[in-house]
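Okay, here's what each chain looks like letter by letter:
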Amino acid sequence: MRSEICTCQGLNSNCKKCFGSGFVSTETVNKSASKSADYKKGKKKQQFESLISENLDLLSKNEVEEIAIKIIGGLDLKSKKQMQILNAIPFNTTTFRRDFGDKFELLGLIEAEKQHLRNELLIVDQEIMLKNYKSNFKFKHFLSDKDLDVTSNRQLKELIREYKKLKNN
Ligand SMILES: [Zn+2]
């Protein structure tokens, strides 16, 4: 069965279209003319929302921290989803790239968003340093500070292995 990537990218576990899987069957997509199909046609470029307001320098310490926490929360959530997707790919088969192309596509979309969030976090971090604040934000997910190369089977397998090791300790 062909499937398309859901607009929520599987990040909303209560999603009525994909129920948190991130994928909807093509039939449903055609019927509802969902936006997700537009991703592939390139009609709708992936849009990145900025969590940073323009007047970052005017914000209080708490407000800046709140933004940082939001960004980190986003990175953690997307990382968790990426790991779920990775765990659902049978890397021991020879045709997983072909059979699970949509999963790799979703991984890549999420990775692009994570890259955007990392860039934002960098800006917030600079502001925190400028203000001489101390910050010790911590990522809650293993993948949050990892750059995923979605094209590298080796790197992906290594990350899964490392993650499992970490979980078992
Ligand atoms: Zn969805």
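Scroll up a little and you will see the structure.
Residues numbered from 1 in each chain as written. Predicted model: local features only at pLDDT ≥ 70, side-chain atom pairs only at ≥ 80, totals over all residues. Heavy atoms only, no water.

Chemist: How would you summarise the coordination of the zinc ion if you had to cite specific residues and measurements?
Modeler: Note on the zinc ion: its protein donors are Cys6 (SG), Cys8 (SG), Cys15 (SG) and Cys18 (SG). The metal-donor distances range over 2.3 Å. Here the zinc ion is ringed by four donor atoms whose angles at the metal span 100 to 118 degrees, and the overall shape comes out tetrahedral. The sequence pattern formed by the donor residues of the zinc ion is C-x1-C-x6-C-x2-C. For the pair cysteine 6 and cysteine 15, a shared accessibility class is recorded, and that class is buried. (Donors = N, O, S within 2.8 Å, 3.2 Å for Na, K, Ca; no water. Tetrahedral: all angles 85-135°; square planar, octahedral: opposite > 155°, others 65-115°. Buried < 20%, exposed > 50% of the residue type's maximum accessible area, 1.4 Å probe, protein only.)

Chemist: Can you tell me about unusual backbone geometry, naming the residues and giving the values?
Modeler: Positive phi is not limited to glycine here, since glutamine 9 has a value of about 55 degrees. Here glutamine 9 shows up in the loop between strand S1 (3–5) and strand S2 (23–25). Its relative accessible area of 2% is what places glutamine 9 among the buried residues. A positive phi angle, near 55 degrees, is found at phenylalanine 19, a position not held by glycine. In this fold, phenylalanine 19 is placed in the loop between S1 and S2. (Helix = DSSP H or I, 4+ residues; strand = E, 2+ residues; numbered from the N terminus.)

Chemist: So what's going on with the pattern of salt bridges? Which residues, and what values?
Modeler: Applying the stated criterion to the full structure yields eight salt bridges. Residue glutamate 113 pairs with lysine 78 through a salt bridge whose shortest N-O separation is 3.2 Å. With glutamate 113 in helix H5 (residues 101–130) and lysine 78 in helix H3 (residues 61–87), the pair connects residues that are 35 residues apart, well separated along the chain. By relative accessible area, which is 13% here, glutamate 113 ends up buried. Here lysine 131 and glutamate 127 are joined by a salt bridge, their closest N and O atoms 2.9 Å apart. The network of salt bridges with common partners includes Glu111, Lys114, Arg118 and Asp147. (Salt bridge = Lys/Arg side-chain N within 4 Å of Asp/Glu carboxyl O.)

Chemist: Would you mind going over the packing of aromatic side chains in detail, with residue names and values included?
Modeler: Taken as a whole, this structure holds four aromatic pairs when the rule is applied. Consider the rings of phenylalanine 91 and phenylalanine 104, whose centres lie 6.3 Å apart with planes at 90 degrees: the pair is edge-to-face. With a gap of 13 residues between them, phenylalanine 91 in the loop between H3 and helix H4 (96–99) and phenylalanine 104 in helix H5 connect regions that are remote in the sequence. Neither phenylalanine 91 nor phenylalanine 104 differs from the other in exposure class; each is buried. Chaining the aromatic ring pairs together yields one cluster made of Phe91, Phe96 and Phe104. (Phe/Tyr/Trp six-rings, centres within 6.5 Å; stacked < 30°, edge-to-face > 60°.)

Chemist: I'd like a rundown of H5, residues and numbers included.
Modeler: The first and last C-alpha atoms of H5 sit 44 Å apart over 30 residues, in line with the 44 Å expected at 1.5 Å per residue. In the stretch just after H5, asparagine 132 is the one whose phi turns positive, near 60 degrees. (Expected span 1.5 Å × (residues − 1).)

Chemist: Which residues make up the nonpolar core, and what values go with them?
Modeler: It is characteristic of soluble globular proteins that their nonpolar side chains tend to be buried jointly. In this structure, Leu86, Ile89, Phe91, Phe104, Leu107, Leu143 and Leu148 are the most contacted members of the largest nonpolar core, which totals 21 residues. Contributing elements (two or more residues each) for this core: H3, H5 and helix H6 (153–168). Considering each element in turn, this core owes the most residues, five residues, to H5. Among residues more than four places away in sequence, those in contact with leucine 86 are Phe91, Leu107, Leu143, Leu148, Leu156 and Ile160. Within the second largest apolar cluster, 13 residues are counted, among which are Leu56, Val64, Leu75 and Val124. (Core = buried A, V, L, I, M, F, W, Y, C linked by side-chain atoms within 4.5 Å. Contact = heavy atoms within 4.5 Å.)

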